[in-house]
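Each chain, letter by letter, is given below.
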Amino acid sequence: MPEIQANIQAGKYEDVLAAVQSPVIALTELVKNASDSCLNKHDPIIININTKSRVITITDSGEGLSKDELEHLGEAGHSSKMVGDNIRSPIDNPFSGSKGLGLLTAFFIADTLEIETYSILDRRSYHLVWKKGEQKYTYVEAKSEFQGTIVTLKNIEPAKLQMILLPEEKIKLFMASIRFFTDNENLPRINLVIDGIEESYYPAETLESYYNRNKRSNGGFIAKASFNYENNRITLSYEDNISNFYTFNGKSIDLRDKRTVDNFVSDIQAPESGVAPIKSVCESEAFSEQYLPIEVPAFSGVLYTWRHRKNEDLEQWPVGVRIYINNYSLYRYLDKENDWLTLSEVSQNVKATNYKLKNTYGYLDITNYNEHNEELKISKERNDFVDSMAQRKFIHIMRDVIVGIFARIDIAVKNPPIQSLNLRYSNVAVKVGEPFNLKSAVICNNIGLDSIDLDFDESQICISDDWIVSTDRAGSYDIKLNFDDKSHTFTIHYKNVIPEFDLQKSTITVYKGNSVNLRDFIAASSCKDVTPDSIVILSQNTDTVIKNDVFDRNNSVGQHIVFYRYEDFQRTLSITVKEIEHQPGSGAKSPRIDILFPRLDDLRAHSFKLPELVDAISSYYVQAPTLCMAAIRILIESSAKEFFEHLVDKEETDSLPSLVNRVMNIRACHSKNPDYKKYICVQDPKFIAEFQRISTEYQLSLSRDVKTNINAHLKEISLDMFVHNPAIVATDTTVYRSMLIFAPLLNYIFEVLLEDCP
């Protein structure tokens, strides 16, 4: 029975326990560990509480703890998460934490910790026992081979068990994951069982769904405010359910240029004077030069604003705004009394606004956060951010700019300075015989529809009292909407045939310096009464560069809107251009591609030619990225062919996609697979056993999602992409990203090639 010294530095153990603010936080830390190990997003994490025996178990069906991991459990602060390429869980979520303290928090509520685990890596089961206060623990190899890990906490302190059982604390346990708000199916659910009875505190529906059912001009959700931030650019959207006048989507403000605030005000037609003009947000320190170079990670979020009487269903969600990091909350923000956005102060100073703590619901999400790289640091207890320039910039952005703008819009909605009429769009195409609701195209500010005069040809079209337009004749018809001395013309094009087409995606993200063939996003199978070639591609803004239907590599960082048009019909593609976080092409600091392949030197020793290709790509991908993209294709094809030739000394002539899929399928070691029968079953038992061992080790590295990504990326390394469309330009980042994607497959092939080499 191995006995491991815990190796906890003096005072460190006490620091860990002091960092835990409540018993539920200790449980949540264990839930996060379980979530990070999940192999199947549909398997729940089960928390079982036995109040009589004072025992709590946390059960998951994840990848388990290996022998090596068990022997490092006692090293407080030790964690392999967020180190190197180990930044995402097996189900492709960012790791929820990397401080290596989660397990020790168990001793905040219990005096004995036991772990039963089956390690997929070791293919062994282990049982560990550790008592509170001891600087050592023991583990033994067990016979059980159940999938996953069971963490058992024994002798729970009665007072802390009593606190865990409080309804508000159980809600916090569920609310600690962003799934509470979004029902994100890629995050495991929590199943809470207390004395054999399951309890759930998940809302009956998502907050977004409840909002859509209860948005009203009065007595419900009066507004939804969405925001995202990246690289000093704030993008805002707003749904004004009172007047519709201030509804807008995707309007941006650049903290590096205060003039963008003027453009924003003009775009949304906000009043330039009044109780709280929007332009006054420019006074925020978020725009100051001292904060511009400070890096804050990308984040997004949404605020829902309720007015007047609340119903019981709304009480499923506590008021206030939560902050989530990689899907799990900072604990101080689980407290509904935490007014970190100072909404109470806003409502006291400006009585006209609805943005009060008791009326606001929502969350903010920071994804793909790596605390090793970010200037915005999390406190050791994961309770809040560490006070720093990055933390202060984050607060200024949220309080002064984002909430400041939304509160001022709300004031303008409640106190409209003028009566105005406008159109959301000026024309629409409708199929003959189908009714059209004219109200959907009109924006009114402090005007009733009965105050608007409609002028149209009554012999051609009919408009009912509730503004439903209809006709049985094809043609284009103008409707004039008149109010005071202003007039707007709206045109309806009635057609016997309505062409149809869709895009494969509505939003994409590209890195600065990369180009994109925009025609590739037209879903050809969706085209009806229109051909893909007849669809015109153009940009919304003159700043967006499109050449020969290619989104140019010189486009600036930020959001670009691209229109796909055929006659009166249009689809929209939103392209976000991002800065490259770690530019590979920066001289001596460029990461070496060859270090992605740890057994490259072993291959060299056995006279394989493949390392020469890897060396060439690693040496020249900065200077000649397009050439290296072709070399990647050659490397993958050569490796796959070498794989099969090594097994039976026979050259394969299949296409590259076929070869790649055959390699990945044979790894599954299914005895009925034709390639497995042909290439593996004929080998000697020793080789078969080693092949199965290697294949098992790569089960996670070549999971279903990874295989899907590899197959999708095969199209991106097609020579046609670069030879027949010279406007598509590869960059060093393109090469490095491709090698990261194909590295698991290539490493698997290299491992097999090295097996049984003479």
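What counts and what doesn't
Residues numbered from 1 in each chain as written. Predicted model: local features only at pLDDT ≥ 70, side-chain atom pairs only at ≥ 80, totals over all residues. Heavy atoms only, no water. Helix = DSSP H or I, 4+ residues; strand = E, 2+ residues; numbered from the N terminus. Buried < 20%, exposed > 50% of the residue type's maximum accessible area, 1.4 Å probe, protein only. Contact = heavy atoms within 4.5 Å. pLDDT = per-residue confidence, 0-100. Salt bridge = Lys/Arg side-chain N within 4 Å of Asp/Glu carboxyl O. Pairing = 2+ DSSP bridges. Expected span 1.5 Å × (residues − 1). Arc of directions from axis to C-beta. Polar contact = N/O pair within 3.5 Å; in protein donor to acceptor, adjacent residues only side chain to side chain. Lys, Arg positive; Asp, Glu negative; His and termini not counted. Axes fitted to C-alpha atoms, helices over the stretch in contact; angles between N-to-C directions. Phe/Tyr/Trp six-rings, centres within 6.5 Å; stacked < 30°, edge-to-face > 60°. Lys NZ or Arg CZ within 6 Å of the ring centre and 35° of its normal. Bend = angle between axes of the 7 residues up to and from the residue. Parallel < 35°, antiparallel > 145°, perpendicular 65-115°, else oblique. Left-handed = near helix turned anticlockwise from the far one by under 90°. Nonpolar A, V, L, I, M, F, W, Y, C, P; charged D, E, K, R; others polar.

Q: Just give me the short version of the overall build of the protein, but keep the residues and values in it.
A: Within the protein one finds 19 helices and 34 strands. Looking at the protein as a whole, 49% of its 758 residues qualify as buried. Once local pairs closer than 6 in sequence are excluded, the contacts in the protein between residues at least 24 apart make up 68%.

Q: For the confidence of the model for the protein, give the residues involved together with the corresponding values.
A: Residue-level pLDDT values for the protein average 83, and 87% of them are 70 or greater. Element-level pLDDT for the protein is lowest in helix α1 (residues 12–19), with a mean of 49, against a maximum mean of 94 in strand β2 (residues 45–50). Low pLDDT (under 50) marks residues 581–589, which in the prediction has 14 contacts with non-local residues, meaning those over four places away or in another chain.

Q: Describe the pattern of salt bridges, listing the residues and the values that go with them.
A: Overall, the coordinates contain 28 salt bridges when judged by the stated rule. A salt bridge links Glu-157 to Lys-132, with the shortest nitrogen-to-oxygen separation between them at 3.8 Å. Here the residue Glu-157 occupies a position in the loop between β7 (148–154) and α4 (158–164), and Lys-132 occupies one in the loop between β5 (124–131) and β6 (136–142), the gap between them amounting to 25 residues. Between Glu-199 and Lys-170 there is a salt bridge whose closest N-O contact spans 2.9 Å. Placement of Glu-199 in strand β9 (residues 197–199) and of Lys-170 in helix α5 (residues 167–175) is noted, with a sequence separation of 29 residues between them. Given the relative accessible area of 22%, Glu-199 is considered partly exposed.

Q: How would you summarise the pairing of strand β33 (residues 558–566) if you had to cite specific residues and measurements?
A: By the criterion of burial, β33 is predominantly enclosed, with 7 of the 9 residues buried. With 4 bridges connecting them, strand β30 (residues 536–539) and β33 associate as antiparallel partners. When the sheet's bridge partners are listed, Leu-538 is paired in β33 with Phe-563. Here β33 runs beside strand β34 (residues 569–578); their pairing, made up of 9 bridges, is antiparallel.

Q: Tell me what's going on with the sheet that holds strand β19 (residues 436–437), and back it up with residues and numbers.
A: The strand order β19-β23-β22 describes an open sheet built from 3 strands, whose pairing is antiparallel. Edge positions in the sheet fall to β19 and β22 (462–463), since each has one partner strand and no second. Sheet topology note: the β19/strand β23 (residues 468–470) ladder contains 2 bridges and is antiparallel. Of the residues in β23, the one forming a bridge with Asn-437 is Ile-468.

Q: Run through helix α16 (residues 685–697), naming residues and quoting values.
A: Between its first and last C-alpha atoms α16 spans 18 Å; for 13 residues at 1.5 Å apiece the expected length is 18 Å, and the two agree. For α16, every residue scored as buried is listed here: Phe-687, Ile-688, Phe-691, Ile-694 and Ser-695. The arc that holds every buried residue of α16, seen down its axis, measures 130°, which confines them to one face. Facing away from the buried side of α16 by over 90 degrees, the exposed positions are Pro-685 and Lys-686. Check the buried side of α16 and you find it contacts α13 (625–648), α14 (656–666), α15 (674–680) and α19 (732–754). Structurally, the start of α16 carries an N-cap: the backbone nitrogen of Lys-686 is 3.0 Å from a side-chain oxygen of Asp-684.

Q: Give me the pairing of strand β4 (residues 112–119): which residues, what numbers.
A: The side chains of a regular strand alternate between both faces of the sheet. Counting buried residues along β4, 7 of its 8 residues qualify, which places the element largely inside the surrounding structure. In this sheet, β5 lies alongside β4 in antiparallel orientation, the contact comprising 8 bridges. Its bridge partner lying in β5, Thr-117 is registered against Tyr-126. Linking two consecutive strands that pair antiparallel, namely β4 and β5, is a turn of 4 residues; a positive phi of about 55° is found at Arg-123 within it.

Q: Break down the side chain of Glu-374 for me, with residues and values.
A: Looking at the secondary structure, you find Glu-374 in the loop between β16 (360–366) and α10 (389–414). One buried charged side chain, Glu-374, makes no salt bridge at all; its nearest oppositely charged neighbour is Lys-377, positioned 7.7 Å away. Aside from chain neighbours lying at most four places away, what touches Glu-374 is Pro-297 and Tyr-369.

Q: Let's hear about the sheet that holds strand β18 (residues 427–431): which residues, and what values?
A: The strand order across the open sheet built from 4 strands is β18-β25-β24-β21, with neighbouring strands paired in mixed fashion. One side of each edge strand has no neighbouring strand; the edge strands of this open sheet are β18 and β21 (453–455). Across this sheet, the average inter-strand angle for adjacent strands is 25°, counted without regard to direction.

Q: I'd like to hear about the packing of aromatic side chains, residue by residue, with values.
A: Evaluation of the coordinates by the stated rule reveals 38 aromatic pairs. An aromatic cluster of three or more residues is present, and its members are Phe-643, Phe-644, Tyr-676, Tyr-679, Phe-687, Phe-691, Tyr-698 and Tyr-748. Note that Lys-160 overlies the ring of Phe-108, its terminal NZ or CZ placed 3.6 Å from the centroid. Lying over the aromatic face of Phe-644, Arg-662 brings its terminal NZ or CZ to 4.5 Å of the ring centre.

Q: Could you give an account of unusual backbone geometry, naming the residues involved and the relevant values?
A: Positive phi is not limited to glycine here, since Asn-155 has a value of about 55°. The phi torsion at Asp-529 lies on the positive side, around 60°, for a residue other than glycine. Along the chain, the position of Asp-529 falls in the loop between β29 (522–528) and β30.

Q: Describe in detail α10, supporting the description with residues and values.
A: Taking 1.5 Å per residue as the helical rise, α10 with its 26 residues ought to reach 38 Å, and the 36 Å between its terminal C-alpha atoms agrees with that figure. Bending of α10 peaks at approximately 35° at the position of Gly-404. In terms of burial, α10 is a largely internal element, 20 of the 26 residues being buried.

Q: Pulling in residues and values, what's your account of the packing of helix α12 (residues 610–620) against α13?
A: Contact geometry for α12 and α13: axes closest at 10 Å, N-to-C directions at 160°. Put simply, α12 runs roughly antiparallel to α13. Classified by chirality, the crossing of α13 by α12 is left-handed. Across the interface between the two elements, Leu-610, Leu-613, Val-614, Ala-616, Ile-617 and Tyr-620 of α12 pack against Pro-625, Cys-628, Ala-631, Ile-632, Ile-634, Leu-635, Ser-638 and Ser-639 of α13. Per-class residue counts for the contact of α12 with α13 are 12 nonpolar, 2 polar and no charged.

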